[in-house]
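Here is what each chain is made of, one letter per residue.
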Amino acid sequence: MRTLYEWGAHQASNDSDSGDSHAPLPRHPDIRLECLSNLRTWSCHETSNILWMFGAAGCGKSTIARWFCQELATVGRLGGSFFFKRGHPSRGSAMRLFPTLAYQLAHAFPQLEASIADTIHSDPSIVAESLAFQLHKLIIEPYQVLANPPRPIVIVIDGLDECSGEENQEEILRCISMVPPSLHILVISRPKRHIRAVFRKAVLSHARYLSVEGHSVDIQTYFGNWHFQRKPGPPFPGIGRMTTRRS
């Protein structure tokens, strides 16, 4: 595991001592309550294991994400978290994402540690391979050891739009579409056009969407009702409504 530890971006986790881990509260407390309620509901839903939570800069997305991570960790369901930071040498790097999450996953679930350690020991160069290869060898294959966990394990990826390079952001989204249903992925970002475009594609057609409006109590879901029931082929929501901020 030494290779993963050395390659990992340890300041990217939700419980790190980095200065931005103590973000201010959203301006309206009901945003926190309703967002967390929606996140809890989604995290237990088996058939839609990828959720994109988006909103404008400063609306409290990262703070909500940290609270959610803390809740998940308390009940033993947090697989790992990565909070991207633009321009940071490790927290801004796409190549650090999956090794960091694999290291966290091994420590959160000891039954996975041997499998992940064997993989990295047999081929330390995995950390320099493609993102898809890293995810498959370091997370998807070892995760099979868990078989059918009683409740889904959740990984949180915050600030995707702060990862260096739009092409890397798009590749991360394509990669996570391959994870098994019992591994839930929460992706958080601003609603950038290139990110929206990837979510429109068939590879992520099963994903769910949650909008956070920073200056009003306006938590919208665009995939059926608040219970997240699947609807066949729903159109992508109107971008104007998703990005509008109210005074």
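Shown above is the structure to which this text applies.
Only a predicted model underlies this, so the values are computations on that prediction, with no experimental measurement involved. (Residues numbered from 1 in each chain as written. Predicted model: local features only at pLDDT ≥ 70, side-chain atom pairs only at ≥ 80, totals over all residues. Heavy atoms only, no water.)

**Points about the overall build of the chain**
Within the chain, the secondary structure is distributed over nine helices and six strands. For the chain, buried positions account for 52% of its 247 residues. The contacts of the chain with a sequence gap of at least 6 include a subset with a gap of at least 24, amounting to 77%. Total accessible area computed for the chain in this model is approximately 11,000 Å², and 52% of it derives from carbon and sulfur atoms. (Helix = DSSP H or I, 4+ residues; strand = E, 2+ residues; numbered from the N terminus. Buried < 20%, exposed > 50% of the residue type's maximum accessible area, 1.4 Å probe, protein only. Contact = heavy atoms within 4.5 Å. Areas by Shrake-Rupley, 256 points an atom, 1.4 Å probe, with all protein chains shown as cover.)

**Here we look at the nonpolar core**
With 48 residues, the main nonpolar core has Phe98, Ile139, Ile172, Leu173, Ile176, Ile185 and Phe199 as its most contacted residues. Those elements giving two or more residues to this core turn out to be β1 (50–54), α4 (97–108), α5 (110–122), α6 (131–143), β3 (153–158), α7 (166–176), β4 (183–189) and α8 (193–200). The biggest single contributor to this core is α4, with seven residues. With residues up to four places along the chain from it excluded, the contact list for Ile172 reads Phe84, Ala94, Leu97, Leu131, Leu160 and Cys163. Listed in part, the 21 residues of the second largest apolar core include Leu51, Phe68, Cys69 and Val156. (Core = buried A, V, L, I, M, F, W, Y, C linked by side-chain atoms within 4.5 Å.)

**Some details on the side chain of His206**
Counting through the fold element by element, His206 comes out in the loop between α8 and β5 (208–211). Polar contacts involving the side chain of His206 include one to the side chain of Asn49, which spans 3.5 Å. (Polar contact = N/O pair within 3.5 Å; in protein donor to acceptor, adjacent residues only side chain to side chain.)

**Topic: the packing of aromatic side chains**
The description of two aromatic rings rests on the distance between their centres and on the angle between their planes. Here the structure, examined in full by the defined rule, presents five aromatic pairs. Summarising the aromatic geometry, the rings of Trp52 and Phe54 are spaced 4.6 Å apart at their centres and angled 45° between planes, so their arrangement reads as tilted. This pair shows no difference in class: Trp52 is buried, exactly as Phe54 is. A ring pair is formed by Trp52 and Tyr209, whose centres lie 6.3 Å apart and whose planes are at 75°; its orientation type is edge-to-face. Note that Trp52 is positioned in strand β1 and Tyr209 in strand β5, a separation of 157 residues in sequence. Looking at Tyr209, the relative accessible area reads 7%, which means it is buried. (Phe/Tyr/Trp six-rings, centres within 6.5 Å; stacked < 30°, edge-to-face > 60°.)

**Things to note about α5**
Across its 13 residues, α5 extends 19 Å between first and last C-alpha, which sits within 8% of the 18 Å expected from 1.5 Å per residue. Turning to α5, its buried residues number three or more, namely Leu112, Ile116, Ala117, Thr119 and Ile120. For α5, the buried positions fall inside an angular range of 160° around the axis, keeping them on one side. Among the exposed residues of α5, those oriented more than 90 degrees off its buried face are Asp118, His121 and Ser122. (Expected span 1.5 Å × (residues − 1). Arc of directions from axis to C-beta.)

**As for the packing of α6 against α7**
Across the interface, α6 lies against α7 with an axial gap of 9 Å and an inter-helix angle of 35°. Read as a crossing pair, α6 and α7 show a hand that is right-handed. In this structure, α6 uses Leu131, Ala132 and Leu135 to contact α7, whose residues at the interface are Asn168, Glu171, Ile172, Cys175 and Ile176. For the contact of α6 with α7, the class distribution of residues is six nonpolar, one polar and one charged. (Axes fitted to C-alpha atoms, helices over the stretch in contact; angles between N-to-C directions. Left-handed = near helix turned anticlockwise from the far one by under 90°. Nonpolar A, V, L, I, M, F, W, Y, C, P; charged D, E, K, R; others polar.)

**So, the pairing of β3**
Most of β3 sits out of view: six of its six residues are buried. The alternating pattern of β3 places Ile153, Ile155 and Ile157 on one face and Val154, Val156 and Asp158 on the opposite face, and all of these are buried. The pairing of strand β2 (residues 78–83) with β3 spans five bridges and is classified as parallel. Following the sheet pairing, Phe83 is matched in β3 by Asp158. (Pairing = 2+ DSSP bridges.)

**Describing the packing of α5 against α6**
Put simply, α5 and α6 touch, their axes get as near as 9 Å, and they point 145° apart. Judged by the sense of rotation from one axis to the other, the crossing of α5 with α6 is right-handed. Across from Leu112, Ser115, Ile116, Thr119 and Ile120 in α5, the residues of α6 making contact are Lys137, Leu138, Pro142 and Tyr143. Counted by class, the contact of α5 with α6 contains six nonpolar, two polar and one charged residues.

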